[in-house]
Amino acid sequence: MNARRWVIAGLGLALVIAVIAVVLDQMAMRPSATTAQGSSSASPAATSAATPGPGNTAGSGAGEQPSGGPTSGSSAGAEGSGAQPSAKPLEVLPPVTSTPTGLPAPSAPAPLLKGSLPPAGSASGKVVDGWPSDILALPAGTTVGSTSISTSGDVMQVSADGIVGNTQQAVLDSFRASLVPHGFWSEDAPAGDGAVAARFVRGTDTVTVSVSTTGTGNSRFQLLGSLHSTAD
C-alpha cells in the first residue's frame, strides 16, 4: 500500500508541475503577442506618414519648406528691418569756389603789315607792286614765274612761283632765313612725290612753300601765304 501511495503521489506531483509549466508558458507568450500586435497596428500608420500618397502630397508640400531656401518669416523680418545691401558711397567733388589759376593764354602777335594794304595785282616774270619784300623775300637768283597779291579787310594773300639753281633744302632754308627773324616758326608740310614742303606760322600769319626738282636739276618753288595788317 505504501508503494502504491508513493506512486500516486508522484503522479499527482508531476501533473501539478506540468499544469504550472503550461500556465507559465501561456503567461510568457501573451506580452510578446501584445507587443507584436501593437507593432503591426502602428506600422501602417507610420508607413502612410513616411510615404506620401496622392492625397497627402499637397499637405506635405504646404507644410514643409526647402532647407536651403528662405522662409516667409525670415523674408518678412529682412524687409521689416530695412536692411540694404552694402555699397561704397559715391565720392562727390566739392564745388569750385574760385577761378582756376594758371598760365595766361598767349596774346596774338602784332600784325606785321602796317597801314593800308596795297591794291590787288599780279605780275609775270617779276615781283608785283606791293609785295612785302621786307618780310617775305624770294631766294637770290630766282627766275620769277609769277607773283600776285589780293586783299580782304586786314588780310593780304600772296602767291608766287619761280625757279632757282639751288637744292630743294637750300630754297627752304632761304625762306626760313627771311621769315624766322620776324617771329615765324616752321614745320614740315605734306608734299608730292620727289618734293619737300614747309609751313611757316606766326600767330594767324602763315606761309607755305613747296619745292620740286625740274628736268634740268633746278628747284621750282610755289608759295602761298596770308599776312595780317593793322588796317581795317
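Here, residues in each chain are numbered from 1, in the same order as that chain's written sequence. Restriction of local features to residues with pLDDT of at least 70 applies here, the model being predicted, together with a cutoff of 80 or more for giving and counting side-chain atom pairs; totals for whole chains, interfaces and linings are based on all residues. Excluded from the side-chain calculations are hydrogens and water; all other atoms, namely the structure's heavy atoms, are used.

Describing the confidence of the model for the chain
Confidence in the prediction of the chain, expressed as mean pLDDT, is 77, and 59% of residues score 70 or more. As a per-residue quantity, pLDDT reports the predictor's confidence and falls between 0 and 100. Any pair of residues with heavy atoms lying within 4.5 Å of one another is described as a contacting pair. Note that residues 36–82 has pLDDT below 50 and, in this model, 5 contacts with residues that lie over four places away or in other chains.

Remarks on the environment of Thr206
Here a strand is any run of E in DSSP of at least two residues, a helix any run of H or I of at least four, and the numbering for each starts at the N terminus. As for its placement among the helices and strands, Thr206 is situated in strand 6 (residues 205–213). Sequence-wise, Thr206 and Phe184 are 22 residues apart; in three dimensions their C-alpha atoms are separated by 8.3 Å. If we ignore the near neighbours within four places in the chain, the residues touching Thr206 are Phe184, Arg199, Phe200, Val201, Leu224, Gly225 and Ser226.

Side note on the environment of His228
Relative to the helices and strands, His228 resides in strand 7 (residues 219–228). Through-space distance from the C-alpha of His228 to that of Lys114 is 8.9 Å; in sequence the pair is 114 residues apart. The contacts of His228, once residues within four sequence positions are left out, are Pro111, Leu112, Leu113, Asp154, Val155, Thr204 and Asp205. Think of a polar contact as two N or O atoms within 3.5 Å of one another; within protein, one of them needs to be a possible hydrogen donor and the other a possible acceptor, and neighboring residues in sequence only count if both atoms come from side chains. Separated by 3.3 Å, the side chains of His228 and Thr204 make a polar contact. Reaching out from His228, the side chain makes a polar contact with the side chain of Asp205 at a distance of 2.8 Å.

Topic: the side chain of Thr142
By the element assignment, Thr142 lies in the loop between strand 1 (121–124) and strand 2 (143–152). Only 2.5 Å separates the side chain of Thr142 from the backbone oxygen of Pro139, close enough to count as a polar contact. Ignoring any residue separated from it by four or fewer positions in sequence, one finds Thr142 in contact with Gly162, Ile163, Val164 and Phe221.

Examining the pattern of salt bridges
Oppositely charged side chains are able to pair whenever their charged atoms sit close together. Throughout this description, the term salt bridge denotes a Lys or Arg side-chain nitrogen within 4 Å of a carboxyl oxygen of Asp or Glu. Throughout the structure, instances matching the rule amount to 3 salt bridges. For Arg199, the salt bridge goes to Glu187, with nearest N and O atoms at 2.9 Å. Of this pair, Arg199 sits in strand 5 (residues 196–202) while Glu187 sits in strand 4 (residues 185–188), placing them 12 residues apart in sequence. Relative accessibility under 20% of the residue-type maximum defines a buried residue, over 50% an exposed one, and the middle range a partly exposed one, all with a 1.4 Å probe and only protein chains included. Looking at Arg199, the relative accessible area reads 32%, which means it is partly exposed.

A few points about the sheet that holds strand 5
By this definition, two strands are paired if DSSP reports at least two bridges between them. Pairing in this open sheet of 7 strands is antiparallel, and the strands run 1-2-3-7-6-5-4 from one edge to the other. Unpaired on one side and paired on the other, strand 1 and strand 4 mark the two borders of the sheet. Looking at each pair of strands side by side, their axes are set apart by 10° on average, direction ignored. Bridge count between strand 5 and strand 6: 7 bridges; the pairing is antiparallel. Bridged to Arg202 within strand 6 is Asp205. Structural elements are reduced to axes, namely lines fitted to C-alpha atoms, with helices fitted over the stretch in contact, and the angle between N-to-C directions of any two is expressed from 0 to 180 degrees. Contacts from helix 4 (residues 168–179) reach strand 3 (155–164), strand 4, strand 5, strand 6 and strand 7 within the one sheet, and its direction differs from that of strand 5 by about 5°.

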